[in-house]
Amino acid sequence: MQYHTVGDNETRQAGSSGGWRTAAGTVAVSVIANDPITGEGTIACLRTYTGLKLLSADERPAADVILMLVNEVTESTMQVMETVADRSSNPGMGIVLVTERLRDHHVMRAFQCGLRGLMSRQASGFDAVVESVREVGAGGAHLPPPLQGWLVDRLQSIQRDVLAPLGMTASGLETREVAVLRLLAEGMDTTEIAEHLSYSERTIKNIISGMMNRLGLRNRTQAVAHALRSGAL
């Protein structure tokens, strides 16, 4: 990896060179590397960028972003990622992984640990790494197109082969709950929904009450709002 430093008062504009534009707010970053020299060099370079707060290993649970640099992802790497995820006190924590090899059977585990950024160790300059850290720190993701495609295919497969046969959706709502909520959002009352779906009014009421109890919702308006936020509608 090539390290390109930027002075504290400099701002690089986003462009083809892989630079970044200074974002509002500070991102708390903790570095994990597979060797001390890489780790120390990375920390030294990060200190030259504004808006980043470097955390020690003891402070790592509070990090917004864990920046991991390894030659290849091994079972040991995965165990470190899982430990970091378990100990994190920040529910929005994301991992940016800089490596040359991530095997297919490790990908889903890495996502479960909070992987939100993946970059090539040889092909990525340090400006690009910092850009990825900033994107993940702001709640976004930085993934190569092939991995984005793999993730979409995986989600579609889970919906088709696992959730759909159980009458569930990726939002955590049952298929029939989504159908009822969609009609509620259109302004229909219980009688109209029952007629539209060919259910009894008692069944519609049971569907709605069961869903609200399971999700801790107080009323139908909250239920529709929940469905909108989760992407079910």
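Quick note: structure is the one above.
Let us look at the structure shown here. (Residues numbered from 1 in each chain as written. Predicted model: local features only at pLDDT ≥ 70, side-chain atom pairs only at ≥ 80, totals over all residues. Heavy atoms only, no water.)

Notes on the packing of helix α3 (residues 104-113) against helix α5 (residues 145-163)
Two numbers describe how α3 lies on α5: the axes approach to 12 Å, and their chain directions differ by 75 degrees. One way to sum up the angle between α3 and α5 is to call them roughly perpendicular. When α3 is examined against α5, the residues D104, V107, M108 and F111 are found in contact with a partner set consisting of L147, W150, L151 and R154. Looking at the contact of α3 with α5, its residues break down into 6 nonpolar, no polar and 2 charged. (Axes fitted to C-alpha atoms, helices over the stretch in contact; angles between N-to-C directions. Helix = DSSP H or I, 4+ residues; strand = E, 2+ residues; numbered from the N terminus. Parallel < 35°, antiparallel > 145°, perpendicular 65-115°, else oblique. Contact = heavy atoms within 4.5 Å. Nonpolar A, V, L, I, M, F, W, Y, C, P; charged D, E, K, R; others polar.)

A look at the side chain of S132
Relative to the helices and strands, S132 resides in helix α4 (residues 126-137). In this structure S132 comes out as buried when scored by relative accessible area, which is 0%. Filtering out sequence-adjacent residues up to four positions away, S132 remains in contact with V96, G117, M119 and H142. (Buried < 20%, exposed > 50% of the residue type's maximum accessible area, 1.4 Å probe, protein only.)

What to know about the pattern of salt bridges
Scanning the model with the defined rule gives 5 salt bridges in all. R103 serves as the salt-bridge partner of E72, at 3.1 Å between the closest nitrogen and oxygen. Taken together, the residues E72 in the loop between β3 (65-69) and α2 (75-87) and R103 in the loop between β4 (94-99) and α3 connect sequence positions 31 residues apart. Taking relative accessible area as the criterion, R103 reaches 26% and is therefore assigned partly exposed. Its salt-bridge partner being E75, residue R109 comes within 3.0 Å of it at the nearest N-O pair. Here the residue R109 occupies a position in helix α3, and E75 occupies one in helix α2, the gap between them amounting to 34 residues. (Salt bridge = Lys/Arg side-chain N within 4 Å of Asp/Glu carboxyl O.)

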